[in-house]
Amino acid sequence: MPGSNVVIVESPAKAKTINKYLGDDYTVIASFGHVRDLPARDGSVRPDEDFAMEWELGDRSKRHIDEIAKAVKSANRVYLATDPDREGEAIAWHLSELLREKHLSDNRDVQRVTFNEITKSAVQTAMANPRAVSQELVDAYLARRALDYLVGFTLSPVLWRKLPGSKSAGRVQSVALRLICERESEIEVFKPQEYWSIAVGFTTPAGSSFTASLTQLDGKKLDKFGLPNREAAEAAVAKIRPQTFAVSQVERKQSRRNPSPPFTTSTLQQEASRKLGFGATRTMRTAQKLYEGIDIGGETVGLITYMRTDGVSLSQEAIDGARSLIGTQYGERYVPAQPRVYKTAAKNAQEAHEAIRPTDLHRRPESVAGHLEQDELRLYELIWKRTLASQMESAVLDQVAVDIASPSKDVVLRATGSIVVFDGFLKVYQEDRDDAAEDDQQERRLPAMDQGDALERGDITPDQHFTQPPPRYSEASLVKKLEELGIGRPSTYASILQVLQDRNYVRLDKRRFIPEDRGRLVTAFLENFFHRYVEYNFTAELENQLDEISDGKIDWKTVLRDFWTAFDAAVNGTKDLTITQVLTTLDNELGAHFFPAATEDGHDPRICPVCREGRLGLKLGKMGAFIGCSRYPECRYTRPLAVANDENGEAQEGPRELGNDPETGLPVTVRRGPYGAYIQLGPAPTAAIAPPEEPAVEEPAADGKKPKAKKKKKDDTPKPKRVSLPKGMAAADVDLDTALKLLALPRTIGNHPETGEEISAGIGRFGPYLKHGSVYKSLTPDDDVLTIGINRAVDLLAGAAKKASAPAKTLGDHPKTGKPITMGSGRFGPYVKHASVYASIPKGTEPDSVTLEQALELIDAKVAKDAAKKGKTPKDAEPVKAEGAEAEKPAKAKATAKTAAKKPAAKKATKAKAAADAPAEAAAPKKKTAKAS
């Protein structure tokens, strides 16, 4: 029987932990995150109706809400114990609205409780001090959600129409993308400047050696570019060589270095990136587990406080615990006379909660190591050290600067160093820095010297340097920059950075963001046609207004009205914008990127490499932008949207001949198509560089109307044989021998020692693979499809066979068909399966916890979704066909099939999506010659 009090939280893990802290009179139940959201369709926010908003339950929420409603019916009080931030307040509001609509709050107290940590004392204190749902925080949430919806669902369709191939635009996402693209532009136009430095070795009278740098020459102080070239450096060396030197001045001063404040969401993401190599998403996912509770010796306890916060303050209890532990573990000299008090710079007091800290500092990392996963332990240790260090005594350093001069003082050198007199907080923790190496000369230790000491000169070393371009953003430095500009909120940074990668607007390379050409196109489009809405100041000011709403200083609908009036006018201003105008603007904006300046031999990168007459420029097709010749259709040259030579030096303009195949005498060439580099045997059927199945897209007329397509004649010319280059193989490195081996794939490796069946290696749609009977296994990046041997092949296949032999877990039988419903894991993650229907298990759901009822919901939702794509209504699309249903062909089904037949492109798209949803085991590579893609 449920208790007389119901407590609603977001996650089952949080519910499990809290349930242990409350008595039998309490039932703790999870909502499984947000329960309602704006439907992903037009009209969910209606500006013409004073921004009325339409909400709907999520696909998985109905069952959870039914369970909550059932529990509430038997309760006297309801406590909404969702997270203590705006999102948590929003979930609490949605829950209270749903209970009101079901008339379940009429005779019951529905109250809000919040706690910053999931510990027994914090939970019980919160339960004793409930409050009402904060309408100000709810209004701020509604305004933010409406703004994001209006921008996304208004601006994204403009992108789709005017810039095919684009995925989406967002209020904060597009500004973050602009930062990354602007940094890349700075790097491209950067011109390095040469400068030299001179280091001189010296030995003291006591025999100790050190190095000093030249700072003054001929009575003039040298700045960074004081020695601009080799000639100036050699002249300085010649000036130094005959001189004698002595110590002219010794400066000593003591400095104190204070610890950094405890972690906020932003600084935790930054330090986890620098020290642990964690992305923002990985950091927040791991922190969520530490917050919600870990089983330690039979007791589930939250190890850290709430991890979405702008605050740097610590509770008095935490400060007292830290000072006690510091004195016990490191000694009283490491405890400052007064506790350190940190104040947040966040303007939004509602979100300025306590900093992220361990719930109990006496719970040392080593004492919980046996109960944590590696990521959890590393992040907990980082938080523990930072919190403890924030309450420790300052470090004390002696800094020394020694000037060394010639007798006439026309040559002066300087050596600097420091000595740690007292390590203080450095004994536990030191914050890393972005994009700046520690100054070795400041950190090194100098030998004892006094003014007037004669020094013996050693080697003179001139060093050449060049100024460096600004570094690309890392996750840490981008988060820091967004926070400095006041754009977005730290709790949203992880999802924003992930969306940019998921949309293929940027990629992470060596932990640095590099914009893809698609991302640069989107940024250039927005900057030229929606400049105001990607301005840093505008976006930051909008965030300030949202904060003022949460503080009750401004009405939320006033903010929406002011924004929408100008934004709607800007969108309407692009209705008459033609594709030609867009292309001209983007070509002018990005021409220098895609077509570098003419080479020394006078080669113009804009000249078409095939016809030698046309001019290369940006073109737009159904699949997005590409580069093509202006003489289309006479010349069909195209290439992917990329610079003429990529960073690996691979030529992308036209085919490169390798020689002739000794068996057929046909030419072998390396070419580039829309999907990358490939090898071709034989001449192309036409002069086109692009494969025949991917023709150049004709540019629309100036009026924006699509030109009529000419009826194509059947082409009986045999297509040349092609094979894609394996990932990691540079086109510039391919020779004739390698090309012939690739064209000969698949190749036989040998027979399996146990089955005697043949093992072969080839390249399919998913890349290089092994085949043994009906078993396929993808090669790892370290395996070479051309050289892999029988022993390695058997090892890889053994792992594939083991995975294939693992039986799928049966959850039960379908109530309508009686056929089993199973659960397994494939290329795209865990899934449930019934007949030919595969339904992915949502992220965040533990596969082992999925019940038969949940599986049925997922399968029904998948069937309904697929039916909607085919133009059927839910009534037309039964979740599963009954036995013998195939024999019946209702008129409605025939009509649907007839309609679908008229839309082959949509039919292909549906099939492609269905294939993508299926697990890897259901789609083995096809044995065929790879196309250019």
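Quick notes on the rules
- Residues numbered from 1 in each chain as written.
- Predicted model: local features only at pLDDT ≥ 70, side-chain atom pairs only at ≥ 80, totals over all residues.
- Heavy atoms only, no water.
- Helix = DSSP H or I, 4+ residues; strand = E, 2+ residues; numbered from the N terminus.
- Buried < 20%, exposed > 50% of the residue type's maximum accessible area, 1.4 Å probe, protein only.
- Contact = heavy atoms within 4.5 Å.
- Areas by Shrake-Rupley, 256 points an atom, 1.4 Å probe, with all protein chains shown as cover.
- Expected span 1.5 Å × (residues − 1).
- Salt bridge = Lys/Arg side-chain N within 4 Å of Asp/Glu carboxyl O.
- Pairing = 2+ DSSP bridges.
- Axes fitted to C-alpha atoms, helices over the stretch in contact; angles between N-to-C directions.
- Disulfide = S-S within 2.5 Å.
- Polar contact = N/O pair within 3.5 Å; in protein donor to acceptor, adjacent residues only side chain to side chain.
- Lys, Arg positive; Asp, Glu negative; His and termini not counted.
- Core = buried A, V, L, I, M, F, W, Y, C linked by side-chain atoms within 4.5 Å.
- Phe/Tyr/Trp six-rings, centres within 6.5 Å; stacked < 30°, edge-to-face > 60°.
- Lys NZ or Arg CZ within 6 Å of the ring centre and 35° of its normal.
- pLDDT = per-residue confidence, 0-100.
- Parallel < 35°, antiparallel > 145°, perpendicular 65-115°, else oblique.
- Left-handed = near helix turned anticlockwise from the far one by under 90°.
- Nonpolar A, V, L, I, M, F, W, Y, C, P; charged D, E, K, R; others polar.

## With respect to the overall build of the protein
Point 1. Looking only at helices and strands, the protein features 24 helices and 34 strands.
Point 2. Counting all 933 residues of the protein, 47% fall into the buried class.
Point 3. Taking the intrachain contacts of the protein between residues at least 6 apart in sequence as the baseline, contacts between residues at least 24 apart amount to 68%.
Point 4. Of the roughly 47400 Å² of accessible surface on the protein, 48% is carried by carbon and sulfur atoms.

## Description of helix α16 (residues 517–529)
Point 1. Taking 1.5 Å of rise per residue, 13 residues should cover 18 Å, and α16 covers 18 Å from first to last C-alpha, within 8% of that figure.
Point 2. Where α16 is concerned, the buried positions are Asp517, Gly519, Arg520, Leu521, Val522, Thr523, Ala524, Phe525, Leu526 and Glu527.
Point 3. Residues of α16 that are buried make contact with α5 (135–162), α6 (173–189), β19 (512–515), α19 (579–594), β20 (616–621) and β21 (624–629).

## Thoughts on the pattern of salt bridges
Once their charged atoms are close, side chains differing in charge can pair, the charge on each being opposite to the other.
Point 1. According to the stated counting rule, one finds 44 salt bridges in the structure shown.
Point 2. The salt bridge involving glutamate 527 is made with arginine 178; its shortest N-O contact spans 3.0 Å. Placement of glutamate 527 in helix α16 and of arginine 178 in helix α6 is noted, with a sequence separation of 349 residues between them.
Point 3. Arginine 520 is the partner of glutamate 188 in a salt bridge, and the nearest nitrogen-oxygen pair spans 2.7 Å. Taken as a pair, glutamate 188 in helix α6 and arginine 520 in helix α16 lie far apart in primary sequence, 332 residues in all.

## Some details on the sheet that holds strand β33 (residues 829–834)
Point 1. Read across the open sheet, the four strands follow the order β31-β32-β33-β34; overall the sheet is antiparallel. Of all the strands in the sheet, just β31 (809–813) and β34 (837–840) have a single pairing partner and so form its edges. Across the sheet, the axes of successive neighbouring strands diverge by a mean angle of 30°, strand direction being ignored.
Point 2. Here helix α22 (residues 852–869) sits on the sheet and contacts β31, β32 (820–826), β33 and β34; the angle it forms with β34, its principal contact strand, is near 110°.

## Here's the deal with the pairing of strand β17 (residues 454–466)
Point 1. When strand β9 (residues 194–203) meets β17, the two strands line up antiparallel, connected through nine bridges. Residue pairing across strands places isoleucine 198 opposite proline 462, the latter belonging to β17.
Point 2. As defined by bridge partners, strand β12 (residues 245–257) adjoins β17 across two bridges and the pair is classed as antiparallel. Across the sheet, alanine 246 pairs through a bridge with alanine 454, a residue of β17.

## Side note on the environment of threonine 119
Point 1. Inspection of the secondary structure puts threonine 119 in the loop between β8 (109–112) and α4 (120–127).
Point 2. Along the backbone, threonine 119 and threonine 300 are 181 residues apart, and their C-alpha atoms lie at a distance of 9.5 Å.
Point 3. When near neighbours in sequence (up to four residues on either side) are disregarded, threonine 119 contacts Tyr21, Gly302 and Thr359.

## Details of the sheet that holds β20
Point 1. In spatial order, the strands read β20-β21-β22; together these three strands make up an open sheet with antiparallel pairing. Two strands in the sheet have a free side with no partner beyond their single neighbour: β20 and β22 (638–639).
Point 2. With six bridges connecting them, β20 and β21 associate as antiparallel partners. Looking at β21, one finds that glycine 617 is bridged to glycine 628.
Point 3. With respect to the sheet, α19 is in contact with β20, β21 and β22, its orientation differing from that of β20 by roughly 130°.

## Some thoughts on the state of the cysteines
Point 1. In total, this model carries zero disulfides according to the counting rule given.
Point 2. Not engaged in a disulfide, the cysteine cysteine 608 finds its nearest cysteine sulfur in cysteine 635; these two sulfurs lie 3.7 Å apart.

## Side note on the side chain of threonine 669
Point 1. In this fold, threonine 669 is placed in strand β24 (residues 667–673).
Point 2. The class of threonine 669 is buried, set by a relative accessible area of 4%.
Point 3. A distance of 2.9 Å separates polar atoms of two side chains, one belonging to threonine 669 and the other to arginine 671.

## Notes on the side chain of lysine 162
Point 1. Along the chain, lysine 162 falls in helix α5.
Point 2. This buried residue, lysine 162, is left without a salt bridge; aspartate 576 holds the nearest opposite charge, at 7.3 Å.
Point 3. Engagement of the side chain of lysine 162 in a polar contact is seen with the backbone oxygen of leucine 577, the distance being 2.6 Å.

## Considering the nonpolar core
Point 1. Residues Phe115, Leu163, Ile304, Leu379 and Phe525 are the most contacted members of the largest nonpolar core, which totals 137 residues.
Point 2. Of all the elements, α5 adds the most residues to this core, at 13 residues.
Point 3. Not counting residues within four places of it along the chain, the set of residues in contact with leucine 163 comprises Val158, Leu521, Val522, Phe525, Val582, Leu586 and Leu620.
Point 4. Core analysis: the second largest hydrophobic core is formed by 27 residues, Ala677, Leu725, Val734 and Ile788 among them.

## Description of the pairing of β34
Point 1. As paired strands, β33 and β34 are joined by four bridges and run antiparallel to one another. Following the sheet pairing, histidine 834 is matched in β34 by valine 837.
Point 2. Once β33 ends, the chain turns through two residues before running back antiparallel as β34, passing alanine 835 with a positive phi of about 55°.

## Concerning the packing of aromatic side chains
Point 1. Counted under the stated rule, the structure contains 20 aromatic pairs.
Point 2. Considering the side-chain rings of tyrosine 195 and phenylalanine 225, the 5.6 Å spacing of their centres and the 80° angle between planes classify their relative orientation as edge-to-face. Note that tyrosine 195 is positioned in strand β9 and phenylalanine 225 in the loop between β11 (220–221) and α7 (230–240), a separation of 30 residues in sequence.
Point 3. The class of tyrosine 195 is buried, set by a relative accessible area of 15%.
Point 4. Ring centres of tyrosine 533 and phenylalanine 538 lie 5.3 Å apart, and the angle between their planes is 90°; this geometry places the pair in the edge-to-face category.
Point 5. Residue class for phenylalanine 538 comes out buried when judged on its relative accessible area of 16%.
Point 6. Joined through ring pairs, the aromatic side chains of Tyr533, Phe538, Phe563, Trp564 and Phe567 make up one cluster.
Point 7. Arginine 36 extends its terminal NZ or CZ atom over the ring of tryptophan 93, reaching a point 5.8 Å from the ring centre.

## Some words on the confidence of the model for the protein
Detailed reading of predicted coordinates is not advised where the pLDDT is low.
Point 1. The share of residues in the protein with pLDDT of 70 or more is 84%, and the mean pLDDT across the chain is 81.
Point 2. Here residues 347–352 scores under 50 on pLDDT; set against residues more than four positions off or in separate chains, the count is 18 contacts.
Point 3. The low-confidence segment residues 436–442, where pLDDT is below 50, has eleven contacts with residues more than four positions distant or belonging to other chains.

## Quick word on the environment of serine 474
Point 1. You can see serine 474 is positioned in the loop between β17 and α14 (475–485).
Point 2. Overall, the relative accessible area of 9% leaves serine 474 in the buried class.
Point 3. Spatially, the C-alpha atoms of serine 474 and phenylalanine 513 are 6.0 Å apart, while their sequence positions differ by 39 residues.

## What to know about the packing of α5 against α16
Two quantities define a packed helix pair, namely the angle between the axes and the distance from one axis to the other.
Point 1. Put simply, α5 and α16 touch, their axes get as near as 12 Å, and they point 110° apart. When the interaxial angle is binned, α5 and α16 end up roughly perpendicular. In this structure, α5 meets α16 at a crossing whose hand is right-handed. The residues of α16 that touch α5, namely those facing Leu155, Val158, Leu159 and Lys162, are Val522, Phe525 and Leu526.
Point 2. Of the residues belonging to the contact of α5 with α16, the class tally is six nonpolar, no polar and one charged.

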